[in-house]
Amino acid sequence: MRLAWWDGKRRILAFDVLFTLLVASGLVLEISKNSDLRWYTFLLVGAQSAAMLVRRRFPLLFVALTPVAQWWPSVQVTIASYTVASRKGLHWQTAVSFVIGSAVILFFPTKREVGIGADVGYVVFFVLVPMLIGLWVYQRRALLVALRERAEQAERERDLRSERVVVAERRRIAREMHDVVAHRVSAIALQSGALTMTAPDKQTEEVAEIIRKTSTAALTELREILQVLRDELPGEPGHVAPSLDAVPVLVADAVDTGLKVNLTLPDPIPEVDPAAGRAAYRVIQESLTNATKHAPGVVVSVTVAVDNEKLVVEVTNPRGVGQSVVPGSGYGLLGMRERVTLAGGSLQTGWIGSVFQVRAVLPRMVAE
């Protein structure tokens, strides 16, 4: 016996067990009134009860035992007709059930009114009506299954269309970034490189070289972003995403541009979760960029601390005496917050007295 025979529902099994016990007890009480009992009588009752219990899995077996029913044949025929129709629908077993049930009703010896009209009425009431109800239940169940499958298919198609729209939009953004941003940055890199070769003095050459290196680094990171937008893998051999290991280089580049930075890093730099490392790098990068634009000439403090559970990145700078003329997008802090949140951390930004603080707390580092 398996629960799947009862549609995987325990309440249906419980109902069938109780219903079978009720019918079996009624049959025993009925036959107990007859003093002329045979040994096979109780065997027949047991077989009919067992067939009634498993009628949902073997409906035709229960139908096959109705011709030998000696007690309450109309009840058993009614149950058998409904069960076969509700489980099989328009099937040859349903037709066989109708024939057997009609034969039992018409030819079973019992005290009832005889005649063609009465016989037709008995067949209709005990066989045809239960069978029609069973067919309706079968069609309703099939309709619900079809509607459920159609709804699931519609949901899958909707998700697929949404995914295609997202992919198309990402590729459109990648094309725009490549055609506009990459072109502009490439032009800056080329012009600064040419200026490096033709600079009239050493100071101009050094500034031009810094601009060229910064532009080249920006192109490399822009290429990485374009690859992410296009769902492609990095194309350069050995290319790795920025992490804590790249923070000293990032700070050194910022110092080359004229920014004053005090960097505090653990020694050695510990291994952290890749997502946390990328988020920490981007937080420091954006904070240094904001300090350059909004507080030129000040000293920026960058502190990275780790323990067994958390990676803490803190960047602070006092108010600047002036402001750079470089325009900003206005989305730097929002982008930092989104990146830290995606990495599972939290970000706090704001003024503490006369010092602006950016503090990111990221998940624990990976086990060493």
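Each remark here, short or long, concerns the structure printed above.
Below is a summary of the structure that appears in this document. (Residues numbered from 1 in each chain as written. Predicted model: local features only at pLDDT ≥ 70, side-chain atom pairs only at ≥ 80, totals over all residues. Heavy atoms only, no water.)

1. Let's talk about the pairing of strand β3 (residues 311–318)
Part 1 of the reasoning: Taken across its eight residues, β3 has six buried, putting it largely inside the fold.
Part 2 of the reasoning: With six bridges connecting them, strand β2 (residues 299–306) and β3 associate as antiparallel partners. Pairing of Thr303 across the sheet is with Glu314, part of β3.
Part 3 of the reasoning: Connecting β2 to the antiparallel partner β3 that follows it, the hairpin turn spans four residues.
Part 4 of the reasoning: Judged from the eight bridges that link them, β3 and strand β5 (residues 355–362) form a sheet pairing that is antiparallel. Following the sheet pairing, Thr316 is matched in β5 by Gln357. (Buried < 20%, exposed > 50% of the residue type's maximum accessible area, 1.4 Å probe, protein only. Helix = DSSP H or I, 4+ residues; strand = E, 2+ residues; numbered from the N terminus. Pairing = 2+ DSSP bridges.)

2. Thoughts on the pairing of strand β1 (residues 260–264)
Two faces belong to every sheet, and in a regular strand the side chains alternate between them.
Part 1 of the reasoning: With five bridges joining them, β1 and β2 adopt parallel strand pairing. Across the sheet, residue Val261 finds its bridge partner in β2, namely Val300.
Part 2 of the reasoning: Note on the crossover from β1 through helix α9 (residues 274–294) to β2: the handedness is left-handed. (Right-handed = clockwise from strand over helix to strand, strands pointing away.)

3. Structural notes on the environment of Gln139
Part 1 of the reasoning: When you line up the elements, Gln139 lands in helix α6 (residues 116–198).
Part 2 of the reasoning: Relative accessible area serves as the criterion here: at 43%, Gln139 is assigned to the partly exposed category.
Part 3 of the reasoning: Sequence-wise, Gln139 and Gly89 are 50 residues apart; in three dimensions their C-alpha atoms are separated by 7.3 Å.

4. Brief notes about the side chain of Thr316
Part 1 of the reasoning: By secondary structure assignment, the location of Thr316 is in strand β3.
Part 2 of the reasoning: In this structure Thr316 touches Val299, Val300, Ser301, Val355, Phe356 and Gln357, once residues within four positions along its chain are discounted. (Contact = heavy atoms within 4.5 Å.)

5. Focus on a negative patch on the surface
Part 1 of the reasoning: On the surface, a cluster of negative charge is contributed by Glu149, Glu152, Glu155, Asp159 and Glu163.
Part 2 of the reasoning: With respect to the secondary-structure elements, Glu163 resides in helix α6. (Patch = residues over 30% accessible without salt bridge, like charges linked within 9 Å, V, L, I, M, F, W, Y side chains within 5 Å. Areas by Shrake-Rupley, 256 points an atom, 1.4 Å probe, with all protein chains shown as cover. Salt bridge = Lys/Arg side-chain N within 4 Å of Asp/Glu carboxyl O. Lys, Arg positive; Asp, Glu negative; His and termini not counted. Charge placed at Lys NZ, Arg CZ, Asp CG, Glu CD.)

6. Describing the packing of α9 against helix α10 (residues 332–342)
Two quantities define a packed helix pair, namely the angle between the axes and the distance from one axis to the other.
Part 1 of the reasoning: At a closest axis distance of 9 Å, the pairing of α9 and α10 adopts a crossing angle of 170°. The orientation of α9 with respect to α10, classified from their angle, is roughly antiparallel. Here Arg278, Ala279, Arg282, Val283, Glu286, Ser287 and Asn290 of α9 lie close against α10, whose contacting residues are Gly332, Leu333, Met336, Arg339 and Val340.
Part 2 of the reasoning: Taken together, the residues that form the contact of α9 with α10 break down as five nonpolar, three polar and four charged. (Axes fitted to C-alpha atoms, helices over the stretch in contact; angles between N-to-C directions. Parallel < 35°, antiparallel > 145°, perpendicular 65-115°, else oblique. Nonpolar A, V, L, I, M, F, W, Y, C, P; charged D, E, K, R; others polar.)

7. A few points about α10
For an α-helix, 3.6 residues make a turn, and residues three or four places apart therefore share a direction.
Part 1 of the reasoning: Among the residues of α10, those classed as buried are Gly332, Met336 and Val340. Down the axis of α10, the buried side of the element spans an arc of 65°, and every buried residue falls inside it. Set apart from the buried face of α10 by more than 90 degrees, the exposed residues are Thr341 and Leu342.
Part 2 of the reasoning: If you follow the buried residues of α10, they end up packed against α9, β4 (346–352) and β5.
Part 3 of the reasoning: Looking one or two places after α10, you find Gly344, whose phi comes out positive at around 90°. (Arc of directions from axis to C-beta.)

8. Remarks on the packing of aromatic side chains
Part 1 of the reasoning: Applying the stated criterion across every chain, the model contains one aromatic pair.
Part 2 of the reasoning: Relative to Phe356, the ring of Trp351 has its centre 5.2 Å away and its plane inclined at 70°; by these criteria the two rings are edge-to-face.
Part 3 of the reasoning: For Arg319, the ring lying beneath its charged end belongs to Trp351, and the centroid distance is 4.0 Å. (Phe/Tyr/Trp six-rings, centres within 6.5 Å; stacked < 30°, edge-to-face > 60°. Lys NZ or Arg CZ within 6 Å of the ring centre and 35° of its normal.)

9. Points about the sheet that holds β1
In a beta sheet, neighbouring strands pair by backbone hydrogen bonds and run either parallel or antiparallel.
Part 1 of the reasoning: Strand order in the open sheet formed by five strands is β1-β2-β3-β5-β4, with mixed pairing between adjacent strands. Both outer strands of the open sheet, β1 and β4, are each paired with one neighbouring strand and no more. On average, each strand axis in the sheet is tilted by 10° relative to the strand beside it, whichever way the strands run.
Part 2 of the reasoning: On top of the sheet, α10 reaches β4 and β5; it is set at about 145° to β4, its chief contact.

10. Regarding a nonpolar patch on the surface
Part 1 of the reasoning: A grouping of Tyr82, Ile116, Val120, Val124, Leu128, Val129, Leu132 and Ile133 is seen on the molecular surface, where their side chains present a nonpolar patch of about 680 Å² in accessible area.
Part 2 of the reasoning: Here the nonpolar patch gets seven residues from one element, more than from any other, and that element is α6.
Part 3 of the reasoning: Examined against the element boundaries, Ile116 turns out to sit in helix α6.
Part 4 of the reasoning: Owing to a relative accessible area of 72%, Ile116 belongs among the exposed residues under this scheme.

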